[in-house]
Amino acid sequence: MIHKHYDVIVLGRSIGALTAAALLARRDFTVMVVGHGERPPTYRLDQHVLRRRAFTMLAEPSPAWRRFLVELAQSQTWKRRIVPALPMLQIVAPRRRVDVPPDMVLFGREIDREFPELRRVVDELYAELAHVNGAADDAFSNDAVWPPGTFWERRETARYAAMLPYARAEPDADLLVEFPRGHLFRSIVTQSVLFATDLSALPPPFAVARLHGAWTRGLMMLPRGEEELEEFLVERILAHGGRCLLDERAAAVHVRRGTAAGVVLDGDDHPSGSSFVITDMDGETLASLSGGEGIHKRALREWPRITSSVGRFVVSLIVRREGLPEPLGPEALLLPFPSSSALAGRAMASSPPPAPRAGDAGSRPSAPRSTRPAGPGRPVVHLQRCDLPPPSTDTLLVAEILLPDRGPLSLLEARQAVLDALTAELPFLERHLVLVDSVHDGLPVWVYDGQRRRLVERAMLKGAAAGAEPMVRQLEVDPPGYLGLAGEPIRGPIERTLLVGRSVLPGLGQEGQLLAAWGAARLVTRTDRRKERMRRDMWSKVEIG
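In every chain, residue numbers begin from 1 and rise along the written sequence. Where totals are concerned, whole chains, interfaces and linings use all residues; where local detail is concerned, this predicted model gives features only for residues with pLDDT of at least 70, and gives and counts side-chain atom pairs only at 80 or more. Heavy atoms from the whole structure form the basis of all side-chain values; hydrogens and water molecules are not counted.

Trainee: Account for the confidence of the model for the protein, naming residues and giving values.
Mentor: Confidence scores per residue from the predictor, reported as pLDDT, run from 0 to 100. Model confidence for the protein is summarised by a mean pLDDT of 89, while 89% of its residues fall at 70 or above. Strands here mean DSSP runs of E at least two residues long; helices mean DSSP runs of H or I at least four residues long; both are numbered from the N terminus. The lowest-confidence element of the protein is helix α12 (residues 340-349), averaging 33 in pLDDT; the highest-confidence one is strand β21 (residues 497-499), averaging 98. Here residues 338-376 scores under 50 on pLDDT; set against residues more than four positions off or in separate chains, the count is 46 contacts. Here, residues are in contact when the closest pair of their heavy atoms is within 4.5 Å.

Take a look at the structure:
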């Protein structure tokens, strides 16, 4: 017995899932969104708000996002929410600091100061990036299915894919061939790409150009990060009659006659029916929700293998603002590549903090501080600075590293390694720490009284698990999909299921999720001719962007 029927049920709360839900709600489909156990972007300790994920709106300049805003008539509302990141990206390395401002003249001065020997090569690189991104904008402005599935989709998408420079290049082609091997600028480009993609290794050349370009062509940010984006998208779903149950989860996918016909929510005896199920899970997880029922033969025969050996380890730090250098930007990469003289100087400058004094109330000795010098053994850190609104005088730092499962750094050592990397480049940070935590290691929260570290049990946190939470995973795809950018197809392993998560176009990161959301919305819309005609006539009702 069907409990209630919807046109579409969406499982997940990622940017891809919520974008697809908002588009379909706008097109007059009845939509229900189920969070399916995904935790919200933030959690709390007393009055302190911490983030479990780093979030940069790299897809903001993408035509996929701009088309979404136009269709929902939200361009002006969005402009009031966002603020420019100044500088767009900051590179911090021993004895080096490079800002990437929106003004290319100022950027040229930065290159002349730090890398005068590379000025010509850098100018040529960014001219080529502008060409690649202009062509990509033209291609992604069209309503097509990325990655394509059927013969007609492949034929249509191939016309637009032909516009993409480097799309057919060899996977090991090097956009940075003019740069000396081991040069810091190579690391600037490659590390910015690795933090933007959903693949665990460097993506194909077109994606390298696209993702590094996302950092350097007018980066915008939301003051409250991913939480504010989620609120914006949920608000649009509700405004168009959708239903959002972000704290609920699906116990099973209901399959009838080999086709997905709805989901069973936890605690419900009867399924909620639907014509389509859209999810940001990977295909294997979706198939397990159906108990293996309804998986079509082609999926059993040809489905790509998605694995992961790298996770995103995130640390939240509350710091008194006076402990941070004023020029520290909102987005920074900390690269541990010092010269030998800088290495020696940094080792002399690094000294362990005072040990807790015996008898201090509420204090316990913490794990010993690492005394490793700054060097190649330190992780590359993506650091976000979020100054808290008045009357607070604190700043939230969100630090993220890519942590291999089998690497020199264990999960329990990662938090201290991140803190060591930050204090190596921000020398006054340690004495101004208020709180340090990560949801991924299961360790107690580090709360600081002066320079004394006190451990607070995780049971005191609101909105976080008492144990370790899984990291967001970087993916490996075997075999690589369309143009080396894709993983799983949009059409799921069960009929009438569609995928819009990170596993569909992992090579393009956030933009890949938006393109998958557009593809899924198109496939659903085309099953209802009346609503497809309504969408074609919608230009009289939406803004002309």
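Trainee: Go over the side chain of aspartate 99, please, and point to the residues and values.
Mentor: In this structure, aspartate 99 sits in strand β7 (residues 96-100). Polar contact is defined as a pair of N or O atoms within 3.5 Å, subject to the rule that within protein one atom must be able to donate a hydrogen and the other to accept it, and that residues adjacent in sequence are counted only when both atoms are side-chain atoms. One polar contact links aspartate 99 to arginine 97, side chain to side chain, over a distance of 3.2 Å.

Trainee: Explain the environment of valine 145 residue by residue, including any values.
Mentor: Looking at where valine 145 falls in the secondary structure, it is placed in the loop between α5 (119-140) and α6 (151-161). Only protein chains enter the area calculation, which uses a 1.4 Å probe; residues under 20% of their type maximum are buried, those over 50% are exposed, and those in between are partly exposed. With relative accessibility at 1%, the residue valine 145 sits in the buried group. Once the C-alpha coordinates of valine 145 and isoleucine 490 are considered, the two residues, 345 residues apart in sequence, prove to be 8.4 Å apart. If we ignore the near neighbours within four places in the chain, the residues touching valine 145 are Glu153, Thr157, Ile490, Arg522 and Leu523.

Trainee: Describe empty space enclosed by the protein, and please don't skip the residues or the numbers.
Mentor: In the cavity and pocket records, a cavity denotes points on a 1 Å grid over the protein atoms alone where a 1.4 Å probe fits but cannot get out, a pocket denotes an open set with protein on both sides within 12 Å along at least 5 of 7 lines, and lining residues are residues with an atom within 4 Å of a point. Grid points are joined across faces, edges and corners, and a volume is the space filled by probe spheres set on the points. This model, assessed by the stated rule, comprises four cavities of 30 Å³ or more. In this structure, the largest cavity encloses a volume near 110 Å³. Around the largest cavity, the lining is made up of 13 residues, and of these Leu58, Ala59, Leu211, Ala214 and Glu511 lie nearest the centre. Only α8 (205-215) and α14 (510-525) provide two or more residues apiece to the lining of the largest cavity. Its residues assigned to classes, the lining of the largest cavity comprises seven nonpolar, three polar and three charged. A volume near 80 Å³ is recorded for the second largest cavity. Lining of the second largest cavity is provided by eleven residues; of these, Pro336, Arg378, Ala421, Ala424 and Glu425 occupy positions nearest its centre. The element best represented in the lining of the second largest cavity is helix α13 (residues 411-425), accounting for three residues. Polar here means any residue outside two lists: the nonpolar Ala, Val, Leu, Ile, Met, Phe, Trp, Tyr, Cys and Pro, and the charged Asp, Glu, Lys and Arg; Gly therefore counts as polar. When the residues that make up the lining of the second largest cavity are grouped by side-chain class, the tally is nine nonpolar, no polar and two charged.

Trainee: Which residues make up unusual backbone geometry, and what are the values?
Mentor: Here the bond from leucine 86 into proline 87 is cis, since omega is -10°, no more than 30 degrees from zero. Note that proline 87 resides in the loop between β5 (83-84) and β6 (89-93). Even without a glycine there, the phi angle at alanine 73 is positive, about 55°. In this structure, alanine 73 sits in the loop between α2 (63-71) and α3 (75-81).

Trainee: If you had to explain the pairing of strand β19 (residues 452-456) to someone new, which residues and values would you point to?
Mentor: Strand pairing requires that DSSP identify at least two bridges connecting the strands. Where strand β18 (residues 445-449) lies against β19, five bridges are found, and the strand directions are antiparallel. Its bridge partner lying in β19, tyrosine 448 is registered against arginine 453. Between β18 and the antiparallel strand that follows it, β19, lie two residues; glycine 450 among them carries a positive phi value of about 65°.

Trainee: Quick rundown of the pairing of strand β3 (residues 42-45)? Include the residues and the values.
Mentor: In this sheet, strand β4 (residues 48-51) lies alongside β3 in antiparallel orientation, the contact comprising four bridges. Following the sheet pairing, arginine 44 is matched in β4 by valine 49. Hairpin connection between β3 and β4: a loop of two residues separates the two successive antiparallel strands, and aspartate 46 in this loop has a positive phi of roughly 55°.

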